[in-house]
Structure formats: structure tokens, C-alpha cells
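Notes for the structure review
Listed below, chain by chain, are the residues.
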Amino acid sequence: MKQLFTLFFAVLISLPLFAQKKQLEHTDIPRWRKIEGQKISNDGQWIAYNLTPVTEGDAQLQLWNAGTAQTISFPRASEARFTEDNRFLVFRIKPPLDTLKAQRRRKVKEDDLPKDSLGIYTLGNGKLEKIARLKGFTLPEKWSGWLSYQLEPEKPAPAKKDTTANKTPVVSTPAPAPTTQDTVKTAKPAKKTPKKPKKEDKENGYRLFVRNLNTGVEDTFAYILNYTLAKRSPMLLLQSTGKGDTLAFKARPEALQNGVYTFDPATRQVRPLWRGKGKFQQLSLDDSGTKAAFLADLDTTKARIRPWQLMTALGRDSARISVGAQSPVLQSGNYLLSEFYKPVFSDNGEKLYFGLAAQPVLPDTTLLPEEIVNVEVWSWNQGHIYTEDKNRLESDKKRAFPAVWRISENKLLALGSADMPELRFQEQRNADMALGFTEEPYAQYNSWEGNPHKDLFAVNLKTGAKKQIVKDLRCNPRLSPEARYISWWSAPDTAWFAWSALTEKTLRLSDNKWAPFYDELTDVPDLPEAHGMAGWISNDEAILLYDRYDIWKVDPSGQKPAQRLTRGREGHIKYRYLKLDPEEYSIAPNARILLHQFNEETKAEGYAWLDLKSDVLTPWLYGDFAYARTPVKAKDSPALLFTKENFQVFPDLLYLNAGHTAKATEPIRVSNANPQQQEYRWGTIEPIHWTSLMGQKLDGLLVKPEDFDPTKQYPMLVNFYERQSDELNRHRMPDFGRSTINWTFYASRGYLIFIPDIPYRVGYPGESAYDAIVSGVTSLLDKGFVKRDKVALQGHSWGGYQTAYLVTRTNLFACAEAGAPVANMTSAYGGIRWESGLSRAFQYERQQSRIGGTLWQYPMRYLENSPLFALDKVETPLLILHNDKDGAVPWQQGIELFSGLRRLGKPTWLLNYNDEPHWPVKLQNRMDFQKRMQQFFDYYLLGAPQPKWMQRGVPPMEKGILQGLETGN
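The rules behind the values
- Residues numbered from 1 in each chain as written.
- Predicted model: local features only at pLDDT ≥ 70, side-chain atom pairs only at ≥ 80, totals over all residues.
- Heavy atoms only, no water.
- Helix = DSSP H or I, 4+ residues; strand = E, 2+ residues; numbered from the N terminus.
- Contact = heavy atoms within 4.5 Å.
- Pairing = 2+ DSSP bridges.
- Salt bridge = Lys/Arg side-chain N within 4 Å of Asp/Glu carboxyl O.
- Buried < 20%, exposed > 50% of the residue type's maximum accessible area, 1.4 Å probe, protein only.
- Polar contact = N/O pair within 3.5 Å; in protein donor to acceptor, adjacent residues only side chain to side chain.
- Patch = residues over 30% accessible without salt bridge, like charges linked within 9 Å, V, L, I, M, F, W, Y side chains within 5 Å.
- Areas by Shrake-Rupley, 256 points an atom, 1.4 Å probe, with all protein chains shown as cover.
- Axes fitted to C-alpha atoms, helices over the stretch in contact; angles between N-to-C directions.

Now for the environment of Trp 64. In this fold, Trp 64 is placed in strand E3 (residues 60-65). Each C-alpha atom of the pair Trp 64 and Gln 45 lies 8.4 Å from the other, and the pair is 19 residues apart in sequence. With residues up to four places along the chain from it excluded, the contact list for Trp 64 reads Gln 45, Trp 46, Ile 47, Ala 69, Gln 70, Thr 71, Tyr 655, Ile 668 and Val 670.

Okay, here's the thing in C-alpha cells:
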């Protein structure tokens, strides 16, 4: 008995050990999966989504049945789409990633690697069909029953070996010569070598299959280079490059010649629109499939400027040239037809929009390479700085100016031009008015404002006439759904305005006496922006505008007073409209609409229904979670798919079929992406508040280890970027991030993470960060649970600059990591953002850097806010990440910082992931960066061994071979 009791006690003591949670390691991160590509069937009965590894690996398509709550998995599948009639799920199946990698290591040719497959799953009976060598597939948008797909070419069978080779020849007795009585037969000519089939490739096209999903019957077309489907009726437009020769598959009996054809899958009828020599592209059908348009190059010469023409086919007619080289619409402005602008029919089929292009600048092909002068000429009075124009050179070469063909009138109108290059049309393109605007006269403002001014025009689509309605204004104009108004936010006036097409008058829509419609938290030296708009009521009867908290219904004609639809300001609750129908052009006046609500004080979120007819607001779901801002609704059902999350709760998919009601129905959990989370120590998060050195009340977040004990002391990382306290309920699963620490990962390993909000004073960005961060850290030190000598900083980009600045002002931190930091504002001010080609000056004068003026206005602000000039005061070991292809912050800034610290003998390291941009993007580089950053912090804050890369760097001879991540001598 004593032995049994001893054994029982030993087992009892050991039980907690089995239940003990693990701390996260980098090797654990690949276990986590993201949810991507979620879809809901039109009837709301099926949910499809992908579980994708956060690192790399095979995705898994999940199909959930709302009726049974059962899930079916399809390994390596993605790109899932339901058919319009809810009968089928179609998707792509990829080969196993391990198989592909293994074959690539064996240097298998790309053409010989395993190909994707097409999956067709019948929802009613669970039948799955797979079709090998998938290239791509298309499902109709608004009609059902058919699927079109193209396949990669089959690999030709190996040639048969000559079986007579190396065999002993057979000796035969020669036949006797024919006598006069014999009939002399003429020898048959040798058989011709059979013609090889034309190669299937991107020049000739690939075979296209059009399948009736209900019967399984397929029509096959050879050498289809391009095709498109009508939106609402069964019709395809095909471009073929010629006959199929001897392809070994059963195609349509009528081999298509080079040209463009329509195919009606319902009748299986092929109709030629244009056959003959030439090139064709930019195929387009109207919604009903009765009108077709495409571009054609029928010229057989080697002209350098290709004479593209617009071809159209209306009804049962063959295609004809509607816009050719001699068309007045081209001659009037010395234009070409743009080959890069796809023709677009209006929804009612009455208009066809196409593009015009300026004559290209052609190089002299007679010059030898050594005779060509390659020099950049920058001029002070150019609208765009040279690098900006260079950056958008390819897009400028493809720039098209819109034109329209009014079909019934056979009237062609050029709408855009170099003087008015941008037009915005009504979504359906049925209206007879468009919005035109240009920024070109004010392009230089890009360099110091970052927000160019505009001239606005109302463009008459009946006559082509253009009426200027606004000149030289910073604004972002919008066209109302029925094209009766043009609205805009005027930054200088901090107000909304609308211009009426009926009265041709401009009316101010918002008054800041009702509530501030501008961003009240703006702390940059620039004009505040608007909070935005929710949309328009049907027939342009009203516009729904946001202030910081509420939604306002405003009459654009000015006849009715503005109406506040929500009451959020009193409780600091922000309401925002959620568009559930992706094709919604406007909001019905009596609709019940879904709103997202966010409490700025508690950070609680949820949904509410607003009845526009009765103005009754009914809260629906609400709590200490972050609810999805983009819920998905089934087209023909009230079923909703959404997520809710917080620091501990992963945003799994939730399903609710409650409709437009306020019943607190409990949603059904659809997914369970990461059940392994329960195996690991996680952590908690809480809001914190303190008073800054300037006496200001500040907010922030504090992440604590799961087993936090206030009587103990912990190392702490300070991670920051602008204001993040509103992200209290955001889930952060373990991942190899590009630029910042993962709060969950470090909390699991025993760290505290402090995330302070930073309000800024214009002209003093560094001092503002010092004020907020140091006061927040000292307030936490006073609580007693933070190790005073084990606090570190980590920030990237704007946060990286502030990290570099802070270590020149205080020795409070044991170490710091600064990603892509600005070290010298005087040199950075005159630099270029290489990813856009823009001057960096606007960022310092008006935007995030918050200096508030030029280098010549405030030279001391630039000097005092530059870490470079105070590096002699640094006592904090600094790890710098800055990549040589950084397009946002010139990587020379990181070099200046590193070189200065090195010259002064300060401990510093620079990580440069070659050919990477503002942060590491490639997975292997992200993994490496996160490992080095952890080693760096662990060394200074936990006393972990120092890795070799910190001891001696990684010499060029060892780069890519020996990484130096190991510890020891």
C-alpha cells in the first residue's frame, strides 16, 4: 500500500509538468497558418477559405457546409470560386512544394516540372474531378453552367528508336528483270514527312476548353491567345492565331483561322467576327454579349509605329473598323489609338470607351551604341523632378487619354488630353457627364507639399465640352453615382463642397459648427484631411459624410438641413458604414445598413444596424474584440462571414445567418486555424496611461508574459510607431516580420513590451518622442516590475529615426535596434525617395518628419533633430538594419549613422540585405533578421551568449555561406 501511495503521489506531482506550456522558438513559427481567400456561396450555404503557412509550404483549401457544420479539405488547393448557381466549387491544385524544390535541386528544366491541376467539386454529391496541366480558368460572373479553362501543352512523346540500327542486314535474292510480257509499275514517290503541329506557347496561344458543367460536354479550341466572357449572358469572345494543324486532341471540327470569333456555349455556335492576317488584343464584350470590341493591327509592313485600329461588331454583324488611322478623332489631336487601353462598354451598351495615345518619341536606329549620348538633363522649371518622370516612364509610355463612341449616333468624341489627362466616369458609364481633372500645372508642389493641387472640370459626354469648376485647389474629387454632382473636400476650407450639373453652382456641404469634419488629431504641419464619406443615397438625393465619430446625411442641393444619423460623439464611439454588396452604387433611402462601431475609450468594437427609414440605431454584436471591417455577405442570403479577435483570440472565421436583425445570435465558428496556440505561453495586453514630461495625458499598451508576477522584475522592449493604442484588440500571431518585433513571440519568452502613443509638436519630432517614451518608461520603472538596466528600444523607419535620436539623448536603454533610420536630416531633406522618384522635401516640410519649413527657414531644427550631430553622446549599443535598395529612406542614412558610431568607437552593427527594399521581403532574409534581432536583445537583456556575428561580423568571403549565428568562440 505504501508503494502504491508513493507511486500515486509521484504521478500527482508530475502532472503539472505535462501541462506546462512552452515558450515560442523560431522553429515553432512555421506551425502557424493564415486564413486567406475566404468566399461564401450566393445562397450562404458554403464557405471556402485557404489555410496558408505563415512561412512557406502547401496551402490547404477548406470547404465548410453551413447545413452540417462539416469541413472538407483539399490539399494544395487555392483560388477557389463558387459557381453562380451554388452547384460547383472550382479551384487550382498545385504540386507539392517539396517535390518542386527537390526537382529544382536536381536542375530539372522549368518545362519539365510538375504542373498545376484544375479541381471541379460538385457540392451536391461530393464528386471531385481533377484535370492536369492547368494554365488558368474562368467562371462566368453573372451566369452559370459553364467553365472555361486553358491547359499547358502536353510534352511530346519521345521519338521512336530505329529498330534496324546495329542489326545484321538480311541478304535477299534480287528479283529477275521484267520481261516484255510483264507490266512495268511506276515507283511511288516517297512519303512526305508529316508536318509538325504548331507549338503551343504564349505567342501562338493554348488550347481552350469550354465545359458545360451540368452535362460534362466540352468544346475545345486550338491556339487561343486571349478570350473574355460577357458579364451577364452566355457568350465568349475568342482570339485565335490559326489552324490547329495536327494537334493530337479532339477540337472543334471547324479549325479557327487567325482572327476573332464569338462562341455561344448554349447553342455551341462559333461566329467569325474577323478573319485574316493581323494581330488582335484587348477583347471586350458588353454585359449582354451582343456587342464586341477589340484592337487590331492589320498592317503587314514593319512600321515602327503600329497602326492599331478599333474594331467593333454589333448584333449579328461582322466586325468593322470603327476607329482607324484616318478617323477625325485621331487626326484632330495627332493621336494614335492606344494599344494599352481596353475598350469598355457602358452597362446599357450605348457607349464604348477607348483610349487615345500621343505620338511616341522614337530613337534613331541608325546610330551605333558608341554614337548615342546618354545624359540626364534636369531643369529647375520642370513640373516633375527628373527622377519622378523616370520612375513613371513605363506608365507614361502606356498613358491613354479616354475617348467615347456614342454608338447609336455614330459619334466619336475625344475626352481626355495632355491638358486634362485624368477622367473619372460613373461606375456604370451610362451617364452623360464625367469628372475631369489635371495636376500638371501644379506638379512642382509634389516636392514640398506632397499633395498636388488640381483643376476640376465637368465633361459633357454628349458634346465633349469641358467646363472648369475648380482651379488650383488641394482636393480629391468624386463623381456622384448618378453623375449629377461633383464633390470634394477642400483642405484650405476644411469643408465639403459639391457642384451641381443641373444648376452649375457650387454649394458648401459641411459646417464645422455642427462638428469638426476634419481630422482633429492632425499633428503634422499641414492642412487637416477629411474623415471621408460613407456614400450616396439613391438618385443622388443625399451624401453621407463622416466626422470623427458620426455619420451625417447632407442634401447636396442645400434645400434640406443636415441630419446626424448616429450619436457617437457623446460616448466617443466611432461609426463607419460597411458595404456588404460589392456592386452597390448607392444606398437605398429606406435601407437597413450595417455599421462598424469602435469605442475610443475602451477600444471595444462591434456592429450595429441603422434603419435609414426610422433613423433607429440598434447595436448588434459588441465586446472587447476587434471585429472585421470587411465582413462578407452572401449575395442571395442574409448570411454573414466575419472575424473577431483580440490578443489571445486568433481571427477565425465566424458565420451568422441572422439577417437584418438585432438578435444577439451566437455566431458559428467556421475555422480553427491554429489549435496549437494552446501549447505555448502567450501573454496578455492592457492599456496604460501616464503623464508626459510636458504634463500631457498619454496612452499606450503594455504586453505582459502569461505568468506575469508583479513582485518580480522583467526585461522590457519598447516598440513604437506614431499611435497604436487603438490596436489593443488586434491579434498578433507568431511570424517572421519584415521590420519590427513580434509582441507575442517576445512575451512568450518572458519580455514585457511597451508600446507608447506619441503626440508630436511641429518642429520638434525627436523631442516629442523623447518626451512620450522616456516618461512612459520611467512611469513603468516606478511600478517596480521592470528591470531598470534591462530596457531596450526597437523601431523601424520613422520609429528607426526616433530610436537613433533617443540614444543620443539618454542612456536609459541597455541597447537599441533602429531600422531604416534617418541619421542626418540636412542630407535627407535634399534626397530622393527612389521608389517613387519624389523629392523628400515634402516629408520634412509638411508631413511625417514634422519640421514645418525648409532647411533655410529652420536650419537649427534640422540640425537639432539629426542624431548624426550628437553621436559622441551615445552610450547605447545599436543594431542598424538598412538595405541597399531602400526606396523610402536612402540607405546612405544608415551608412552615416554606422560610420559615425564606428569612428567614435561605439558598439554598432549594420545589417544590409542585398537588393532588398525598405525592409527584408524574402522569407529567408526575414527569418535571418528576426533571429539576429532576438540574439542581440537576448545578449544585452537576458545575458545570453554573444553570437559570432556580433563578435566579428560576417566577412565578404563568408557571406551567404557562414552566417555567424552560432555562439561560442
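What follows continues from the structure just given.
Taken in spatial order, the four strands line up as E33-E34-E35-E36 in an open sheet, and their pairing is antiparallel. Where the open sheet ends on each side, the last strands, each with one partner, are strand E33 (533-536) and strand E36 (563-564). Relative to strand E35 (residues 551-554), strand E34 (residues 543-546) runs antiparallel, the two sharing four bridges. The residue bridging Leu 545 from the neighbouring strand is Trp 552, located in E35.

This part takes up the pattern of salt bridges. The tally for this structure, following the rule as stated, stands at 60 salt bridges. Here Glu 529 and Arg 474 are joined by a salt bridge, their closest N and O atoms 2.9 Å apart. Within this pair, whereas Glu 529 is found in the loop between strand E32 (506-508) and E33, its partner Arg 474 is found in the loop between strand E28 (466-473) and strand E29 (478-479), the two being separated by 55 residues in sequence. The partly exposed category is assigned to Glu 529, whose relative accessible area is 39%. For Glu 767, the salt bridge is made with Arg 809, and the minimal N-O distance between the two is 2.5 Å. One end of the pair, Glu 767, is in helix H8 (residues 765-781); the other, Arg 809, is in helix H9 (residues 798-809), with 42 residues separating them in the sequence. Residues participating in the shared-partner salt-bridge network are Glu 449, Arg 474, Asp 526, Glu 529 and Arg 846.

With that settled, consider the side chain of Arg 850. Relative to the helices and strands, Arg 850 is located in the loop between helix H11 (841-845) and helix H12 (859-864). One polar contact links Arg 850 to Asp 523, side chain to side chain, over a distance of 2.8 Å. In this structure, Arg 850 is in contact with Asp 523, Val 524, Pro 525, Glu 722, Tyr 760, Val 762, Gly 763, Tyr 764, Pro 765, Trp 798, Gln 843 and Tyr 844, ignoring residues within four places of it in sequence.

On to a nonpolar patch on the surface. Among the surface-exposed residues, Val 373, Val 375 and Val 377 lie close enough to one another that they form a single nonpolar patch of about 320 Å² accessible area. The topology assignment puts Val 375 in the loop between strand E22 (351-358) and helix H4 (386-391). On the basis of relative accessibility, which here comes to 57%, the residue Val 375 falls in the exposed class.

Attention now moves to the sheet that holds strand E49 (residues 752-756). Ordered in space as E46-E47-E49-E48-E50-E51-E54-E55, the eight strands form an open sheet in which the pairing is mixed. Strand pairing shows two members of the sheet lacking a second neighbour, strand E46 (684-691) and strand E55 (908-911), which therefore form its edges. Here the strands of the sheet are splayed against their neighbours by 20° on average, with no regard to which way each runs. In this sheet, strand E47 (residues 697-704) lies alongside E46 in antiparallel orientation, the contact comprising eight bridges. Paired with Ile 688 across the two strands is Gly 700, which belongs to E47. Where H9 meets the sheet, its contacts fall on strand E50 (786-796), strand E51 (815-819) and strand E54 (878-881), and the angle it forms with E50 comes to roughly 140°.

What follows deals with the pairing of strand E26 (residues 433-438). By the criterion of burial, E26 is predominantly enclosed, with six of the six residues buried. Taking every second residue as pointing to the same face, both faces of E26 are buried, with Met 433, Leu 435 and Phe 437 on one and Ala 434, Gly 436 and Thr 438 on the other. Where strand E25 (residues 422-424) and E26 come together, three bridges link them in antiparallel fashion. Within the sheet, the bridge partner assigned to Arg 424 lies in E26 and is Leu 435. Relative to strand E27 (residues 454-460), E26 is paired through six bridges, and the arrangement is antiparallel. Paired with Met 433 across the bridge in E27 is Asn 460.

Purely geometric stuff here, so don't read any function into it on its own.
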